[in-house]
Amino acid sequence: MQADTEARPGPDLSVTVENGVGLLEMRRPPANYFDEHLIGLIVDAARELDDSPDCRVLVLASEGKHFCAGADFGTGGGFDGDRVAVSERLYRRAAQLFEIRTPIIAAVQGAAVGGGLGLACAADFRVADEHTRFVANFAMLGFHQGFGLSVTLPEIVGRQPAADMLLSARPVRGREAHRIGLADRLAEPGRQREHALAWARELASAAPLAVRSIRSTLRAGLARRVAEALEHELAEQARLWATADCAEGIAANLERRPPVFRGE
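What this report covers is the structure whose coordinates are included nearby.

## Looking at the environment of Asp-54
If you trace the backbone, Asp-54 turns up in the loop between helix 1 (36-50) and strand 4 (55-62). Here Asp-54 falls in the partly exposed class, since its relative accessible area comes to 25%. Residues Asp-54 and Arg-239 lie 185 residues apart in sequence; the distance between their C-alpha atoms is 45 Å.

Structure (structure tokens):
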């Protein structure tokens, strides 16, 4: 395996490969909001490293205070024009992330919110600390979950904990996340990336053909199920985005006040 570091910095995503581990770092601090462009960069970088003999494990991390807060509704979130069409393109790219054959570890600091939680759940493993917050906040925004969470979240934590997270929209912090399996490992505060990289190097020392074979068996059908779920999620989102409750939920979130929903 290659021992030297290869860095390809960019304004939104940096890619580094060292000792069999590829580090993909989102660079939109502090919240690391995503859009179609950033998800596309992540997918393309992962695909390239998927075909490289020098990379055996991927670590997905981010610069700044939070791992990822999903889409930025305060600035339009890249949804200028037809939100449904833009989201359809974004989800088409997101679905490709589940086709990556290389194991992925997410180093999750601060908060993983909404679509950011979906991005974290696309990984095989998540490393957090006791202060990390995982938030499926869709019900408090007035619309349906996306990014394949209908499949990945119950797959990871079980149906009942997933239902609790999705229906209540409450934050799940590091220790609880570890207890229910959402965080696979807890690191010391602020050392998620260090821990994730060490774990990745450990996995990279295993036989790569066997690792991919085992992973393929464990995730059999996942990409297909996520792609099907994304179609349903987008249809429900499109329906609910047109409601008064959704407008209220997003407005209340931006104004940092409790929403008042009327079922309209």
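## Things to note about the nonpolar core
Counting 63 residues, the largest nonpolar core has Leu-24, Ile-42, Phe-67, Leu-119, Phe-134, Leu-153 and Leu-182 as the members making the most contacts within it. Aside from chain neighbours lying at most four places away, what touches Ile-42 is Leu-13, Leu-24, Met-26, Leu-60, Leu-97 and Leu-119. One finds Ala-107, Ala-187, Leu-197 and Ala-204 within the second-largest nonpolar core, a separate group that totals 14 residues.

## Some words on the packing of aromatic side chains
This model, assessed by the stated rule, comprises four aromatic pairs. Where Phe-125 meets Trp-199, the ring centres are 4.6 Å apart and the plane angle is 35 degrees; that geometry is what we call tilted. With a gap of 74 residues between them, Phe-125 in strand 7 (residues 125-128) and Trp-199 in helix 8 (residues 192-204) connect regions that are remote in the sequence. Through a chain of ring-to-ring contacts, three or more aromatic side chains come together here, namely Phe-138, Phe-143 and Trp-241. When the ring centre of Trp-241 is taken as origin, the NZ or CZ atom of Arg-83, which lies over that ring, is 5.1 Å away. Looking at Arg-185, its charged tip hangs above the ring of Trp-199, at a distance of 3.7 Å from the centre.

## Considering the pairing of strand 5 (residues 104-107)
Covered by surrounding structure in strand 5 are Ile-104 and Ala-106 together with Ile-105 and Ala-107, the residues of both alternating faces. The pairing of strand 4 with strand 5 spans three bridges and is classified as parallel. Within the sheet, the bridge partner assigned to Leu-60 lies in strand 5 and is Ala-106.

## Some remarks on the sheet that holds strand 9 (residues 172-173)
Spatially, the three strands line up as an open sheet ordered 6-8-9, and their pairing is mixed. In this open sheet, the two edge strands, each paired with only one partner strand, are strand 6 (111-113) and strand 9. Relative to strand 8 (residues 133-135), strand 6 runs parallel, the two sharing three bridges. In the sheet register, Val-113 faces strand 8, and the bridge partner there is Val-135.

## Some details on the packing of helix 2 (residues 83-97) against helix 10 (residues 222-241)
For the pair helix 2 and helix 10, the least separation of the axes is 11 Å and the interaxial angle reads 160 degrees. Considering the angle they form, helix 2 stands roughly antiparallel to helix 10. As helix 2 runs across helix 10, the sense of the crossing is right-handed. Contacts between helix 2 and helix 10 pair Arg-83, Val-84, Ser-87, Glu-88, Tyr-91 and Ala-95 from the former with Leu-230, Leu-234, Gln-237, Ala-238 and Trp-241 from the latter.

## Quick word on the state of the cysteines
The final tally for this structure, using the stated rule, is zero disulfides. Not part of a disulfide, Cys-121 finds its nearest cysteine sulfur in Cys-68, a span of 12 Å.

## Things to note about helix 11 (residues 244-255)
Here helix 11 contains 12 residues, and its C-alpha end-to-end distance of 16 Å stays within 8% of the 16 Å for a straight helix at 1.5 Å per residue. Here helix 11 has its buried residues at Asp-245, Cys-246, Glu-248, Gly-249, Ile-250 and Ala-252. On the buried face of helix 11, the contacting elements are helix 2, helix 4 (138-141) and helix 10. Arg-256 lies just past helix 11 and shows a positive phi near 55 degrees.

## Description of the pairing of strand 7
Here three bridges tie strand 5 to strand 7, and the two strands are oriented parallel to one another. Each bridged residue has a counterpart across the sheet, and for Ala-107 the counterpart in strand 7 is Val-127. The pairing of strand 7 with strand 10 (residues 185-186) spans two bridges and is classified as parallel. The partner of Val-127 across the bridge, within strand 10, is Arg-185.

Rules used in this analysis
Residues numbered from 1 in each chain as written. Predicted model: local features only at pLDDT ≥ 70, side-chain atom pairs only at ≥ 80, totals over all residues. Heavy atoms only, no water. Helix = DSSP H or I, 4+ residues; strand = E, 2+ residues; numbered from the N terminus. Buried < 20%, exposed > 50% of the residue type's maximum accessible area, 1.4 Å probe, protein only. Core = buried A, V, L, I, M, F, W, Y, C linked by side-chain atoms within 4.5 Å. Contact = heavy atoms within 4.5 Å. Phe/Tyr/Trp six-rings, centres within 6.5 Å; stacked < 30°, edge-to-face > 60°. Lys NZ or Arg CZ within 6 Å of the ring centre and 35° of its normal. Pairing = 2+ DSSP bridges. Axes fitted to C-alpha atoms, helices over the stretch in contact; angles between N-to-C directions. Parallel < 35°, antiparallel > 145°, perpendicular 65-115°, else oblique. Left-handed = near helix turned anticlockwise from the far one by under 90°. Disulfide = S-S within 2.5 Å. Expected span 1.5 Å × (residues − 1).

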